[in-house]
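Examination of the molecular architecture
The lines below spell out each chain.
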Amino acid sequence: MVYPRTGYDIKNVSVDMPLASLSVASMVSGKRETKIIDMRVDSEWEKHLRQELRKEPVAVGISSMTGTQIKFGLDACRVVKNADAQVPTVWGGIHATLLPEQTLQNELIDVVAIGEGEIIIKDLMGALEKPNEKRKNELLKKTNNIIFKQKKGKEERQVRTKSAGFADLDKLPALPYDLVDIENYIHTKSMVGKGTEKALPFITSRGCPYRCTFCCNPRLSLRRWRCMSAERSYALVNEMVEQFDLDAVIFHDENFFANPTRAEKIAELINNKFNFSIQARMDALGRVDLQKMERYGLSVVQPGIESGSERILQLIKKDESVSEILKVNKKLAKTNIVSVYNFMMGFPTETNHELAESTDLALKLIRENPNAELSGFYVFAPYPGTELFDFAVANGFSVPNTLEGWAIYSRQHLQTPWIQDKLDVIKNIMYTSKLVDGKRLEGMLSSLHMPRSLLKKFGSHYRKRWENHDFSNKIDTKLMNFITRTYFGWE
Ligand code: B12
Ligand code: SF4
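Cut-offs applied
- Residues numbered from 1 in each chain as written.
- Chains lettered and ligands numbered in written order.
- Predicted model: local features only at pLDDT ≥ 70, side-chain atom pairs only at ≥ 80, totals over all residues.
- Helix = DSSP H or I, 4+ residues; strand = E, 2+ residues; numbered from the N terminus.
- Rg over C-alpha atoms; globule rule 2.2 N^0.38 Å.
- Buried ≥ 20, exposed ≤ 12 C-beta atoms within 10 Å, placed from the backbone.
- Contact = placed C-beta atoms within 7 Å.
- Near = placed C-beta within 6 Å.
- Nonpolar A, V, L, I, M, F, W, Y, C, P; charged D, E, K, R; others polar.
- Domains from an automatic or database assignment.
- Core = buried A, V, L, I, M, F, W, Y, C linked by C-beta atoms within 7 Å.

Before going further, it helps to spend a moment on the overall build of the protein. A tally of helices and strands in the protein yields 20 helices and 16 strands. Here the protein has a C-alpha radius of gyration of 23 Å; the compact-globule value for 491 residues is 23 Å, and the two agree. Summarising its shape, the C-alpha atoms of the protein cover approximately 70 × 50 × 40 Å along the three principal directions. Taken across its 491 residues, the protein has 43% of its residues classed as buried. Relative to all contacts within the protein whose residues are 6 or more apart in sequence, the contacts with residues 24 or more apart total 71%.

Spelled out as structure tokens, the structure:
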């Protein structure tokens, strides 16, 4: 399994355990020799991949999120095919799942796995290891949820197999942590633990019942939310905490509170043995007993606010209102739970006035909750498989028609046609949103020994500008633009 770089790979900040590779590998490790190469943490990944290829592996599996990760995934594929063209390359992950046919069109890719790898990996390996081409194809046709290339003479066609539902999370084995060097992924500044800490991520549920039009989850999960039982979730998390001597856990479930009773039960079992953070909707946080959750160890929540404009909230079908958001923020303010808010901007048809409604809401949230932070204002990018994607195409967005074409999506996608006339304002908000709360970058900048007082000064400076809706392209925007281009290659 190869986990490609993503283009935004900062240790202790964005480099998380490769849960995709570990989850897929969990089904075969111990039974087959399994190796995980994580390009983000292994500077000699190419050498190590070549070493593995000399052992004639059954296949090389590669994960993909839409965006820069595709470029690095293809780099790995090229190493495989140059070393031994006979070794099959299997692509999986969000992007491959959303656009399987187009992904398979790439000449470096032999098979695409659609959806969760755990349910097909054993059959897939069983098929790919057959030396006889005819038998291999017979078995591939019997493997659910894949699409593969079948060659007949000079002709080549794509064969798509039957769809099989979703994995039963309670039946999946524990992750084979021994396949990675865990030290590469332990976060020591994730602020979940509030102080000295060692944190790792965990996922107890998949899918989401909501319908946000910018998010690919409704398409991937068919709005079905599935989970491990509270007891099993706790048992596995606790095992991980004890094995690695952690004091905090970052739950990456997309909707931790989809079933509040189960979520509260997990918290109750944790019972403040370690701190934990979750991603949750504001409406869900409005329904739970936050004081109780705090006592059990909940220390950070990361809701997506997205916009301060009611019209935009309706356009993206967030199914939350500004007044509800403000009310829950006040409820959070009565606890010590840190709220890290995410905003989005640059939606098609969004006006400057609506953009200002978002920055105003962000300021109000910070003002009314001393524990509120801004994760940032991210620029909307039309992701395949989302409802807004079609809307974006109708509004002039041109769709990449090759796998490589999707690699241009970066973390700050500034190419959409409808933002071009307000690019300076968008860039200014994007960069200054990291500084406006005066504390968000504390962890990241502490290694640069930047004094806290300076960060606070930046905060009050930009808050004043935001209050006056002054997003003009000043020298600082240019400077930050230069820094992100130079260090991350972002355009
Ligand atoms: C953690 C996380 C991150 C982390 C880092 C990821 C890491 N591994 O270190 C960071 C912070 C860097 C990040 C960044 C971003 N992320 Co993110 N992230 C996640 C999150 C919360 C968890 C990812 C994860 O580990 N999932 C668990 C694994 C088990 O699931 P999985 O990856 O889908 O893998 C399964 C299958 O896909 C398949 N599979 C995967 N690989 C393979 C390989 C083979 C061979 C096979 C057979 C099967 C297979 O089997 C796996 C097991 O079932 C997900 C949401 C979620 N809960 O999944 C979003 C998510 C992946 N992120 C998303 C987005 C949009 C982003 C950003 C663009 C956000 C932004 N604007 O900044 C950036 C940039 C990403 C990029 N393209 O470069 C989207 C993906 C959209 C897309 N089309 O790719 C998701 C789905 C959230 C969402 N609902 O919108 N992210
Ligand atoms: S944005 Fe969050 S709440 Fe909305 S569909 Fe996606 S995962 Fe669910």
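Quick look at the site of ligand 1 now. Neighbouring ligand 1 are 40 residues, the closest being D16, G61, G67, G92 and G117. The set of elements that each furnish at least two residues to the shell around ligand 1 consists of α1 (19–25), β3 (60–63), α3 (68–83), β4 (89–92) and α4 (94–98). A breakdown of the residues in the shell around ligand 1 according to their chemical character gives 18 nonpolar, 17 polar and 5 charged. In terms of domain composition, the shell around ligand 1 takes at least three residues from each of domain 1 (2–160) and domain 2 (183–488).

On to the domain arrangement of the protein. Partitioning the protein into domains gives domain 1 (2–160) and domain 2 (183–488). Look at where the C-alpha atoms of domain 1 and domain 2 centre, and you get two points 30 Å apart. Listed per partner, the contact involves 23 residues of domain 1 and 22 residues of domain 2. Split into classes, the residues belonging to the side of domain 1 that touches domain 2 amount to 11 nonpolar, 10 polar and 2 charged.

Before going further, it helps to examine the nonpolar core. In terms of nonpolar packing, the biggest core is built from 124 residues, with V2, V112, A113, L124, I146, V249 and M345 touching the most fellow members. Of the residues that make up this core, three or more belong to each of domain 1 (2–160) and domain 2 (183–488). Residues within four places of V249 in sequence aside, it is in contact with A199, L200, F202, V237, V241, F274 and F276.

Bringing the environment of W225 into the picture now. Within the element layout of this structure, W225 appears in the loop between α8 (217–221) and β10 (226–227). C-alpha separation for the pair W225 and L172, spaced 53 residues apart in sequence, amounts to 16 Å. Discounting residues that sit within four places of it in the chain, W225 has contacts with S205, G207, C208, P209, N255 and A258.

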